[in-house]
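Remarks on the overall topology
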Amino acid sequence: MKKQKNLLILFFSLLFHFLNAQEIEVKGKITDQNGQPLPGVSVVVKNTANGVQSDFDGNYVIKAEKGQTLNFSYMGYNPKDVLVAAQSNINVTLEEATQSLKEVVVTALGITRDKRALGYSTQEINSKDLNKVNSTNFVSNLSGKIAGVQVTGSGNGLTSSSRIVIRGESSLNINNNGPLFVVDGIPINNSVYGVGGGPTNQADLPTDYGNGAAEINQEDIESVNVLKGAAASALYGSRAANGVILITTKSGKKQKGLGVSFSSSTMFSSPLKLWDVQNKYGAGSHLTYSPGADTNLGPRLDGTTTVVQNGSPGYYLGQAEPLPLIFRYNLKDFFQTGKTLQNTLSVNGATDKSTYRLSYTNSNSNGIVPNTNLIRNDVSLKASYEINSKWKINSSVNYILSNSDNALVTGYGSQGIMYNLIWNHTNVDLNWLRDYWITKDVEQNSMFSWGDNIFKIANENINAFRKKRVLGNISSVYNFNENLSLLTRIGIDNSGDFRWSRRPLGSSRYPKGMYREQNIDFSEINTDFLLSYDKTFGDFTTKFSVGGNRMDQFTSKSFIEGDGLSIPGIYNLQNINVTPSMSRNDYKKRINSLYSFANIGYKNYLFVDVTARNDWSSTLPKGNNSYFYPSVSLSFIPTSVFNLGDEVDYLKLRLNAASVGNDTDPYRLEKTYNNGTLPGSLTNPKVILNNNLKPEILTSYEAGLEAFLFKKRVSFEATYFISNSKNQIIGLNISEASGMEYHYINAGKIKNQGVELSLGIIPVKKKEMEWSVNANFSKNNSKVIELTPGIDNYVIAKGPNGGTIEARVGGRMGDIYGLGYLRSPDGQIVYDNSGSPIVDTNVKRIGNYNPDWMLGLSSNFSYKGFNLFAQFDVRHGGKIYSMTNAIGMESGLLAVSLPGRETGIVGPGVVKNADGTYSPNTTVISAENWYYGNAYRRNNIEANSFDASYVKLRQLSIGYTFSKKIASSLKVQNLSIALVGNNLALWTKVPNIDPESQALNGGTLLPGFEVMQLPSTKNYGFKINVNL
Amino acid sequence: MKKFIIYILTIFAISACTNQFDEINTNKNQPTNAGPKFLLPTVIFNLANNSVYAAFDFGEIISQYGGDYEYNASDIYNWGPDSRFWDLYENLQDVKDIEKQAIAKGDQNYQAVALVLESYMTSILTDSYGPVPFTEANQSEDGIYAPKYDSQESIYNNILDNLTQANSLFDTNSSIEGDILFQGDMLKWKKFCNSLHVRLLMRISNKEDVSLRLSEIVSNSSLYPLFESNNDNATYKYSGIFPDLSPRSNGNGREYEYHIVVPSTHLVNLLVDNNDPRLNEWIDPSAASNSYIGLQPGLPLDQIGEPANYARRADSYFNNASKISAIFMTYSELNFLLAEAKERNIINLSTAQNFYNTAVQASFEQWGVNMPSDYLTTTAPYNNANDVLYEQKWLALYHTGVEAWFDWKRTGKPSFIEPGPGAQNNGLVPRRLNYPSIEQSVNNANYQQAVQSIGGDNINAKVWWDNF
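Not measured: the values here are computed from a predicted model.

A tally of regular secondary structure across chain B gives 19 helices and eight strands. In terms of overall size, chain B behaves like a compact globule, its C-alpha atoms giving a radius of gyration of 25 Å where 468 residues would be expected to give roughly 23 Å. When the backbone C-alpha atoms are referred to their principal axes, chain B occupies close to 110 × 55 × 45 Å. When the accessible surface of chain B is summed, it comes to about 17600 Å², and 47% of that surface belongs to carbon and sulfur atoms. Each charge sign in chain B was given a centre, from 32 positive and 54 negative side chains, and these centres are 4 Å apart.

Okay, here's the thing in structure tokens:
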């Protein structure tokens, strides 16, 4: 039977041979510069879909016509083109590209281009670097790796959101400053959907369920390319105005072995920084003990007093034993060691016509707060298939299931853990609070009527969620001939997030209990096409493309909450015994786009790109819903033309100018009424709409250079950029006496400029030993040039306690405003006649939450199979308001509240005399009035703000890759292990907290304000990778 | 090839197609119209909540019915910019909307109700802050985003005229929907309109001669009906069923916030000394010693001590969700006003003593407490030589918004309202609220003008009618 089959095949191949007389069979062997065979090298007949892969021995066979060009490419190696002449045997040697010499880059719309041809700044992280250390939020893994990219975590537990900003903020809408995330050419949703109010809205504190891109599975990623400026992103439209994070997932490859990979990571977490708690004084006031006191301004903790203590066993029954008054408070009695296990199993392979990769990742984390967790299951399947030599289809599907049995609320209020920890007593052993029920599900054992028991919060105040997400796309490339091709693609990001929260009866804020459900359904569908014509005219290579895209977005949010339960301990809708508040809102948006671009290259050292795009958005008014934006970029490689010396291997100069337009949110054009509190009541909205809104425009200019020096041992990149955004669509505050709070207008001119520098040095490069060092530096500065005639300031976001983030004409984006000390002309604090500092009623600028500059430093050392990698993240400057500091002073719990307990305090500064002069302040004020009674303490934003500079040891990895000998004796292709850690150390002057904390206001992250966030964690563990 | 070109062009056309944009950008989540019957409940409910918040916290403290046992910045007059009543402008937006729609439809009752509510809310604003936006207020939809501030005198002229107009518009033969205050009883609205008119005339009586206008109102009950009993009271009664609960009731507010204000020595001692049964209704004895000890107003924070040592607000008002009401104006207050008017010969009707007796009796009834038979003869008989009228009025105004403060500003009575030992503010009891700080940002030019006209945005500047 087999013989017959073989004969048939022989017959048909001979037939083919005759029919395609010009076509010859080319074969050969592909090796690396050491003569080692390279399997899985992609061999493609240029400008066709005709491609094969080399086998385990590096051999390949392909049919091609004379005059065609074969392109050999393999990740990690420089590609090669060879012209097919008469020879039928073409052996190829590929040169290994060192990390920094990656020459092929994935750019907008998933198009791969040679890096030399790009006139704009891009920077790449490959899979190896990305996967050195695992984390549960993909975005946080990008921190410090790329110049100009600022990633800030928020300290809200396992599901913490990370905020990412590229090249500074240019939007007055605080949530619109992030880049667009694109996976395999399809934009995906990175939004944060809120539930709850602001960080000090004690009745309704928000929970951080995370940002959308946090779920991206780093183990599935081949490379991440950051396109930083508008030019790089002009082809993705409005949402890419702030840059694009282009993610390419792994595809199937031919390889030695089964193609099975297994990776397992086990990490432990513990708090990175805990409060500096004072251990000298106990509960009470005026150095007198009182169990009911909020404060720790009581007597010394020297054990000489023996009293009944609030929180001790039996206290609520009035049966507590008197105990010595000593220091017992230890945060480590509450926080536990967290654990995260991540396992990935994948299988991939390729045949001549197809490639496939199937992977499954399971991630299971337990947090440092008891009873908190995060579980993710991720299945992804990616495949490609060549239908014939002209037509290739690619498809990928990614199904992500995430859930948590409990995420915590964040902010200042009785439902928050940190609140109940800071309003606690130094003589209390936190373990006493573990027994938290007086009557199960009905009455909790809480130290204060206005607070909750911390273990009850962790175990009973549940905020859980279950989210299903599908990312999928299908694309087809059809080559009409060697010049003309058509790409069509459809992609979808669809998620359904079901959240529920419960509070038992007897909770401080919900005495009758509470149960709530929230559903957020989101879907975005992108359909696009791109028609390209590729031709070489002598020394000129040209490519012209024309394309279009339709994006449809649909969001549906529903919410139902009942603040009263009939049967204790039952948490579902049917157990609600009060009128629930409920709502459901749907939002739709569509953008149609047409675009075209031209890439012209001259002799492979001079390149010009021109792009043009026009969008039509459904959210803008009819006459003004279309906006056009072009870009042009230039790249010149002088080293191809001139000899700049032996030291300079490669130099590229690049220049570009681009503009990007932007629309707004749905439903901003027609007035609608809102629901009142009572059923059947309506009320006027708080915002005046505007039928004359115009699109926003961002224009940017960039100049840069890239160089390789000293035989590619040094790589250097520098970029300078300026961008201007104008006509921003904002809700400008107006006088409340006008009946409304704000009014949508086009306003604002923001200018941003900055510099990015990257330096890579390989001081040691030997056969078995290599050491490379990389540094990324960025500095940017923004200026608010104009808002709107007659208006000088705009409140971008409200922080806690009267602090605000404002854009004021002449100021910078990210400026924090609030109340501060009244000062004398020579800058000293002015006190009143009671010895208390006076708060200046004029709001003033406190600082800016952005750092002055950022530096990422990493070092990679390898010797034989050993590898040591470390990355530091340095941020210099910036300010953060710490509410923990303010409250810790009021409650007397923190060490900062120690001075003057027994002597009183004389505040350093002056008093104003009746005649207007100043004399030194000599009034002694009691510790009670200084710490606790100082009524404006938390509202004094200045007094509680700190220089947020810090250095963090972001990642550390000590690894060993077993030699091929040992590996093959174990019957595996590759085996490596590593000890890993992230966020391991922090150096900062900010007391008590990690300066990388952000408050949450509903769904908005508020940088610059820490409002009782959870401690951030340091994570350490080990990782194993094995390929079969 | 031809087919191919057509295919491409079609895709072009589809991309550029925007004719579904209208439908996509139509907000189907909320209605585009709202008739008065939907807006009126919101107005009344928000007004009620604002009144309860004001009465239970700021109102008690400034009129020294009670004091904070911690966070006592208000008690010692360490005040800053204050937006507590400025929020009424958002409420006024709905009122103006009702008025506009009513005029367009020729609905006199809704128009009159809107005029009364507008006058009432504006009076609270101007009595608290002084000059406030009025003629240019609530016109953001006509493009006025930074309204000018009007003088209090011109505001009062306007709102008094509005009340006269409202009175003439009411049609007691028909009714309105959405009226959660008076259940569509237009006669009660008319009574409230005129009783409010009496209050406001008395408010400006030190500055202007109001005898003619006041006499006209009180002597013509068919043209100007007034409250005739506690049944006519302008009081919003919460049903107690969520969400129709007061912000200080169990199920909506927290016990901590209910008890953070502790009854003052003035309140407790006055009630104890008079053996006044309203004591038991309003106040529970202290947890520590089961006795009636009040908190001295304005003590420095570190001298206050434990709240367990002081009497407390009655738990029944917190626990029973329908007990707290929002009190706008009562029959009792009306009679106290008339008593005072007769005393000062502004009106010539009945006797001050009759009005006084009616007023005191009405207050007991209002609170559901039996007045002792000798209360008006022995305990607190009418006497125009002492402060009994003002002290009893002060008691009767318990939890009636911040009316007691406005009254004290005008009369200086009861005279026991004085700065406490820990008071800052140079030993003065404040007479107005500071404007909200955001006005300095969004309406600075007009803000500065208004501030100049009263001699500075400070809490001791007196409003126009306050020439006491």
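The secondary structure content of chain A amounts to eight helices and 61 strands. With the principal axes as the frame, chain A shows a C-alpha extent of 105 × 70 × 65 Å. Looking at chain A residue by residue over its 1028 residues, the buried ones come to 59%. Residue pairs at least 24 apart in sequence account for 68% of intrachain contacts in chain A once pairs closer than 6 positions are excluded. For chain A, the exposed area adds up to about 39900 Å²; of that, 55% sits on carbon and sulfur atoms. Both charge centroids of chain A, one from 99 positive and one from 84 negative side chains, sit 5 Å from each other.

Residue Pro243 of chain B is reached from Phe242 of chain B by a cis peptide bond, and omega for that bond is 0°. Topologically, Pro243 of chain B is positioned in the loop between strand S4 (234-237) and helix H9 (255-259). Residue Lys413 of chain B is joined to Pro414 of chain B through a cis peptide bond whose omega torsion reads 0°. Topologically, Pro414 of chain B is positioned in the loop between helix H17 (403-411) and helix H18 (438-442). For Lys711 of chain A, which is not glycine, the phi dihedral falls at a positive 55°. Following the sequence through the fold, Lys711 of chain A ends up in the loop between strand S39 (696-709) and strand S40 (714-733).

To continue, consider the interface of chain A and chain B. With 81 residues of chain A at the interface, the matching set in chain B holds 73 residues. For the pairing of chain A and chain B, the buried interface totals around 6400 Å² over both sides, and the portion due to carbon and sulfur atoms is 55%. Between chain A and chain B we count four salt bridges in total. The shortest N-O distance in the salt bridge between Glu90 of chain B and Lys686 of chain A comes to 3.3 Å. Summed over the shared surface of chain A and chain B, the result is 31 residue pairs in polar contact (both at pLDDT 80 or more). Of all the elements in the fold, those that place two or more residues in the side of chain A that touches chain B are strand S29 (484-503), strand S30 (514-537), strand S31 (540-562), strand S32 (581-602), strand S33 (606-617), strand S36 (674-675), strand S37 (682-683) and helix H7 (927-932) of chain A. At ten residues, S32 of chain A tops the list of elements feeding residues into the side of chain A that touches chain B. Looking at side-chain class alone, the side of chain A that touches chain B contains 26 nonpolar, 35 polar and 20 charged residues.

Now for the pairing of strand S5 (residues 69-73) of chain A. Residues and elements named next belong to chain A. Inspection of the sheet shows strand S2 (residues 42-45) paired to S5 by four bridges, in the antiparallel sense. Paired with Val43 across the bridge in S5 is Phe72. Bridge count for S5 against strand S6 (residues 80-83) is four bridges, and the pairing is antiparallel. Bridged to Thr69 within S6 is Leu83.

Among the structural elements, Glu418 of chain B can be located in the loop between H17 and H18. Here the alpha-carbon distance between Glu418 of chain B and Glu216 of chain B, two residues 202 residues apart in the chain, equals 37 Å.

This part takes up the sheet that holds strand S3 (residues 51-53) of chain A. Pairing between the strands of a sheet comes from backbone hydrogen bonds, and it takes one of two forms, parallel or antiparallel. Residue and element names in this part refer to chain A. Pairing in this open sheet of four strands is antiparallel, and the strands run S3-S2-S5-S6 from one edge to the other. Pairing within the sheet leaves two strands with one partner each, and these edge strands are S3 and S6. Within the sheet, the average angular offset between the axes of one strand and its neighbour, ignoring direction, is 20°.

For the rest of this paragraph, the subject is the pairing of strand S1 (residues 23-32) of chain A. Residue and element names in this part refer to chain A. Here S1 pairs with strand S4 (residues 59-65) via seven bridges, running antiparallel. In the sheet register, Glu23 faces S4, and the bridge partner there is Glu65. The pairing of S1 with strand S7 (residues 92-94) spans three bridges and is parallel. Within the sheet, the bridge partner assigned to Asp32 lies in S7 and is Leu94.

Glancing now at a nonpolar patch on the surface. Residue and element names in this part refer to chain A. A grouping of Phe268, Trp771, Phe861, Tyr863, Phe866, Leu868, Ile958, Ile977, Leu979, Tyr1020, Phe1022 and Ile1024 is seen on the molecular surface, where their side chains present a nonpolar patch of about 1000 Å² in accessible area. With three residues, strand S61 (residues 1017-1027) is the largest single contributor of residues to the nonpolar patch. Mapped onto the elements of the fold, Ile977 is located in strand S57 (residues 974-988).

A few words now on the confidence of the model for chain B. Regions with low pLDDT carry predicted coordinates that are not meant to be interpreted in detail. Residues at a pLDDT of 70 or more form 97% of chain B, whose mean pLDDT is 93. As a predicted assembly, this complex carries a pTM of 0.84 together with an ipTM value of 0.91.

The next subject is the pattern of salt bridges. Taken as a whole and judged by the stated rule, the model has 74 salt bridges over all chains. A salt bridge links Asp665 of chain A to Arg668 of chain A; the nearest nitrogen and oxygen atoms lie 3.3 Å apart. Residue classification places Asp665 of chain A among the partly exposed residues on the basis of a relative accessible area of 41%. A residue is classified by how much of its surface remains accessible, and Arg668 of chain A, at 14% relative accessible area, is buried. Measuring nitrogen to oxygen at the nearest pair gives 3.3 Å for the salt bridge that ties Glu257 of chain B to Arg254 of chain B.

Residue and element names in this part refer to chain A. As summarised here, the arrangement of the four strands in space is S43-S44-S45-S47, forming an open sheet in which the pairing is antiparallel. Every other strand in the sheet has two partners, leaving strand S43 (793-798) and strand S47 (839-848) as the edge strands with one partner each. Between one strand and the next, the sheet's axes are offset by a mean angle of 40°, whatever the strand orientation. Bridge count between S43 and strand S44 (residues 804-808): five bridges; the pairing is antiparallel. Directly across from Tyr794, in S44, lies its bridge partner Ala807.

Right, let's talk about the nonpolar core for a bit. Ranked by internal contacts, the top residues of the largest apolar core, which has 143 residues, are Trp189, Phe192, Tyr236, Phe328, Tyr356 and Tyr435 of chain B. One finds Ile174, Tyr419 and Val1011 of chain A together with Val262 of chain B within the second-largest nonpolar core, a separate group that totals 84 residues.

Take helix H7 (residues 186-203) of chain B next. Residue and element names in this part refer to chain B. Taking 1.5 Å as the rise per residue, H7 with 18 residues should run 26 Å; its terminal C-alpha atoms sit 25 Å apart, in good agreement. Burial runs high along H7: 16 of the 18 residues are buried. Sitting at the head of H7, Asp185 places a side-chain oxygen 3.0 Å from the backbone nitrogen of Leu187.

For the rest of this paragraph, the subject is the environment of Lys535 of chain A. Residues and elements named next belong to chain A. Note that Lys535 resides in strand S30. For the pair Lys535 and Asn47, spaced 488 residues apart in the sequence, the C-alpha separation amounts to 9.9 Å. Once you skip the residues sitting within four places of it in the chain, Lys535 turns out to touch Asn483, Phe540, Thr541 and Thr542.

Residue placement: Glu99 of chain B occurs in helix H4 (residues 88-105). Put simply, Glu99 of chain B is tucked away with no salt bridge, and the nearest opposite charge, on Lys96 of chain B, sits 4.2 Å away.

Attention shifts here to the packing of H7 of chain B against H17 of chain B. Residues and elements named next belong to chain B. The interhelical angle for the contact between H7 and H17, taken along N-to-C directions, is 35°, at an axis separation of 10 Å. Every residue of H17 that contacts H7 at Arg199, Met202 and Arg203 is listed here: Glu403, Phe406 and Arg410. In terms of residue class, the contact of H7 with H17 is built from two nonpolar, no polar and four charged.

Conventions and cut-offs
- Residues numbered from 1 in each chain as written.
- Chains lettered and ligands numbered in written order.
- Predicted model: local features only at pLDDT ≥ 70, side-chain atom pairs only at ≥ 80, totals over all residues.
- Heavy atoms only, no water.
- Helix = DSSP H or I, 4+ residues; strand = E, 2+ residues; numbered from the N terminus.
- Rg over C-alpha atoms; globule rule 2.2 N^0.38 Å.
- Areas by Shrake-Rupley, 256 points an atom, 1.4 Å probe, with all protein chains shown as cover.
- Lys, Arg positive; Asp, Glu negative; His and termini not counted.
- Charge placed at Lys NZ, Arg CZ, Asp CG, Glu CD.
- Buried < 20%, exposed > 50% of the residue type's maximum accessible area, 1.4 Å probe, protein only.
- Contact = heavy atoms within 4.5 Å.
- Buried area = accessible area lost by both parts, 1.4 Å probe.
- Salt bridge = Lys/Arg side-chain N within 4 Å of Asp/Glu carboxyl O.
- Polar contact = N/O pair within 3.5 Å; in protein donor to acceptor, adjacent residues only side chain to side chain.
- Nonpolar A, V, L, I, M, F, W, Y, C, P; charged D, E, K, R; others polar.
- Pairing = 2+ DSSP bridges.
- Axes fitted to C-alpha atoms, helices over the stretch in contact; angles between N-to-C directions.
- Patch = residues over 30% accessible without salt bridge, like charges linked within 9 Å, V, L, I, M, F, W, Y side chains within 5 Å.
- pLDDT = per-residue confidence, 0-100.
- Core = buried A, V, L, I, M, F, W, Y, C linked by side-chain atoms within 4.5 Å.
- Expected span 1.5 Å × (residues − 1).

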